[in-house]
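The chain contents come next:
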Amino acid sequence: MTPKTRFAAVAVAVVALAGTGAVGAWAALDDGPPSLKAGMGAESVTVGTIAGGGSLGPGPEGTFKDGRASEARFNEPTALAVASDGSIFVADFANGAIRRIQPDGLVTTIAAGLTGPTGVAVSGSGEVFFTDAPANRVGVIGADGKVRFVAGGGPVGLGTGSFADGAGENARFSLPAGIGITSRGELLIADKDNHRIRRVSREGIVSTFAGGGTPGGTDGAGGQASFSFPVGLAIDGDDNVFVTEQGQLRVRKISRDGQVTTVFNSNEGSSLAGIAIWKGDSLLVTDAERSQVLIISSKGVATALAGSGSLGAEDGKGSLASFHGPTGVAVGPDGSIYVADSFNNRIRRISEN
C-alpha cells in the first residue's frame, strides 16, 4: 500500500485508521515516483528533528509519551500549526490527541480521546481548532483548556459521513481534513469526501464556500467549481485560500469572493498533502509519496526544498535529508519550517543556514 492509497482512507495525512492493517501497510510501502530535482534553496537549509523518536512506523507500543523533545513519542502525526510564541500544536492522529511542543521543547497533551485528528489551526487569541476526521466534526480547545465541538457530528467511522449545511451539530461533514482561520475569525475546512470547502462562521453556522460535491478539477465560482478529495488548506494574509487534493499534483486557489482557479498542475504523478504560505507569494507543500518538501513559486514552478526522495529519517542538508510520508507543514514566526513526518513519528524543522 502506497501513501497515495492511504489518502483514500484518511483525510489530510498519509495515515491508516486503527484496525485497517497499519503495521502491514507500513511494511509494504515503496519508494514512490522519482524525486523532484532539488532547487537552489535545498543547499542553504538544514533539516533537524525537534521532537519524537523511537522505532519507525506505527505500532502498539512506545508511541505515546509526553516529555522533553526526543523523549516524547508520537503515532502518525499528521498536521501542525505554530502560535505566535513559537508553540507548535500537533494533530497526533493514531494517538487521538492534540499535542503541544512548548518553545523550550517540552511536549504535553492538551486534548485526548479523539478518534483521529487530521487538521489543526491556532487563533491569535490562543484557541486551537482541529478536525476530528473519523468523527466528522470540528472542535476547539479554549484558552481555559476545555474541549468543545463547534460543528458536525453523527456516526463515527469511515463511510459514515454525510453532507448538510446548518448550525453547529446539525451540520454534517465527511472526513474533514485541513483547517484554517480567516482574518474575520471564520473557519475554512477541506471537507474531503464531500469534495467541498466549508465555512464555519463565528456564530457556528456551517455553509459551503466552494465546490459542488462532485469530484473533479473544474475552475469557476463557488459551487460551480469542483474539487477531488481536498485535504490540505492554507490561508494567506489577503484571505486567499490554497488547497491540495488527494492523489493529485495540483494546487487550487480560492479568492476571497469564492472564485476557484488552478495555480499549479503537473502530470508527473504524485500526491501533495500539507500546504503553507511561504515568504508571501510562494507555497510550501509536502509530497507524501515522494517524501519531499517542495516550494511552488508564484510562477507555478515546483522544486524540492528538502528530502532526497529516499525513505528515511536522516537529518542534515536539505538535499541529503530524508523523510517518510511527510504530511503537515507550517511556518513559525522566525521563518523556520516545521513538518509532521508521519511515518517517522517525528516533528522535523527546516532552518535556513
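Please refer to the structure placed before this passage.
Right, let's walk through the structure included here. Quick caveat, the model's predicted, so the values are computed rather than measured.

## Notes on the environment of Ile295
And step 1. The topology assignment puts Ile295 in strand β23 (residues 292-296).
And step 2. The buried category is assigned to Ile295, whose relative accessible area is 17%.
And step 3. For the pair Ile295 and Val285, spaced ten residues apart in the sequence, the C-alpha separation amounts to 6.5 Å.
And step 4. Apart from the residues lying within four places of it in its own chain, the contact partners of Ile295 are Trp278, Ser282, Leu283, Leu284, Val301, Ala302, Thr303 and Leu305.

## Description of the layout of surface pockets
And step 1. There is about 860 Å³ of room inside the largest pocket.
And step 2. Together, 43 residues line the largest pocket, and Ala81, Val82, Ala121, Val122 and Ala330 are the ones closest to its centre.
And step 3. Mapped by element, the contributors of at least two residues to the lining of the largest pocket are β3 (77-82), β7 (117-122), β12 (176-181), β17 (230-235), β21 (272-278) and β26 (326-331).
And step 4. Contributing to the lining of the second largest pocket are 13 residues, with Glu127, Phe129, Gly185, Ser201 and Arg202 lying nearest its centre.
And step 5. Its residues assigned to classes, the lining of the second largest pocket shows five nonpolar, four polar and four charged.

## Here we look at the sheet that holds strand β8 (residues 128-132)
And step 1. Spatial strand order, β7-β8-β9-β10: four strands in an open sheet with antiparallel pairing. The strands lining the two open edges of the sheet, one partner per strand, are β7 and β10 (147-152). Neighbour-to-neighbour, the strand axes of this sheet turn through a mean angle of 25 degrees, independent of strand direction.
And step 2. Taken together, the five bridges between β7 and β8 define a ladder with antiparallel strand orientation. From the neighbouring strand, Ala121 faces β8, where its bridge partner is Phe129.

## Quick word on the pattern of salt bridges
And step 1. Counted according to the given criterion, the structure contains 18 salt bridges.
And step 2. Residue Asp219 pairs with Arg252 through a salt bridge whose shortest N-O separation is 2.9 Å. Linking Asp219 in the loop between β15 (205-210) and β16 (220-221) with Arg252 in strand β19 (residues 250-254), this pair joins segments that are 33 residues apart in sequence.
And step 3. Residue classification places Arg252 among the buried residues on the basis of a relative accessible area of 0%.
And step 4. Note that Arg256 is salt-bridged to Asp239, the shortest N-O span being 3.7 Å. Of this pair, Arg256 sits in the loop between β19 and β20 (259-265) while Asp239 sits in the loop between β17 and β18 (241-245), placing them 17 residues apart in sequence.

## Describing the packing of aromatic side chains
And step 1. What the rule picks out here adds up to one aromatic pair.
And step 2. Here Phe130 and Phe149 contribute two aromatic rings whose centre-to-centre distance is 6.0 Å and whose plane-to-plane angle is 80 degrees, an arrangement assigned as edge-to-face. Remark: Phe149 occurs in strand β10 and Phe130 occurs in strand β8; sequence separation between them is 19 residues.
And step 3. Since its relative accessible area comes to 0%, Phe130 is described here as buried.
And step 4. Overall, the relative accessible area of 35% leaves Phe149 in the partly exposed class.
And step 5. The residue whose ring lies beneath Arg99 is Phe74, and the NZ or CZ to ring-centre distance is 4.8 Å.
And step 6. One residue, Arg252, lies across the ring of Phe227, its end atom 5.0 Å from the ring centre.

The rules behind the values
The numbers attached to residues start from 1 for each chain and follow its sequence in the written order. Local features are withheld for residues below a pLDDT of 70 in this predicted model, meaning they are given only at 70 or higher, and side-chain atom pairs are given and counted only at 80 or more; totals for whole chains, interfaces and linings count all residues. To get the side-chain values, all heavy atoms of the structure are used, and hydrogens and water are removed first. For helices the rule is a DSSP run of H or I covering at least 4 residues; for strands it is a run of E covering at least 2, with both sets numbered from the N terminus onward. Relative accessible area decides the class of each residue, using a 1.4 Å probe on protein chains only: under 20% of the type maximum gives buried, over 50% gives exposed, and in between gives partly exposed. Between two residues, a contact is recorded if the distance between any of their heavy atoms is within 4.5 Å. Points on a 1 Å grid over protein atoms alone make up a cavity when a 1.4 Å probe fits among them but cannot get out, and a pocket when they form an open set with protein on both sides within 12 Å along at least five of seven lines; lining residues each have an atom within 4 Å of a point. Grid points are joined across faces, edges and corners, and a volume is the space filled by probe spheres set on the points. Residue polarity is assigned by list, with Asp, Glu, Lys and Arg as charged and Ala, Val, Leu, Ile, Met, Phe, Trp, Tyr, Cys and Pro as nonpolar; anything else, Gly included, falls into the polar class. Two strands pair under a simple rule: DSSP has to find at least two bridges between them. In this description, a line fitted to the C-alpha atoms serves as the axis of each element, helices being fitted only across the stretch in contact, and the angle between N-to-C directions of two axes falls anywhere from 0 to 180 degrees. What makes a salt bridge here is a side-chain nitrogen of Lys or Arg within 4 Å of a carboxyl oxygen of Asp or Glu, nothing more. Between rings of Phe, Tyr and Trp, where Trp is taken as its six-membered ring, a pair exists when centres lie within 6.5 Å; planes separated by under 30 degrees are stacked, by over 60 edge-to-face, and by other angles tilted. Cation placement over rings: the criterion is NZ of Lys or CZ of Arg within 6 Å of the ring centroid and within 35° of the ring normal.

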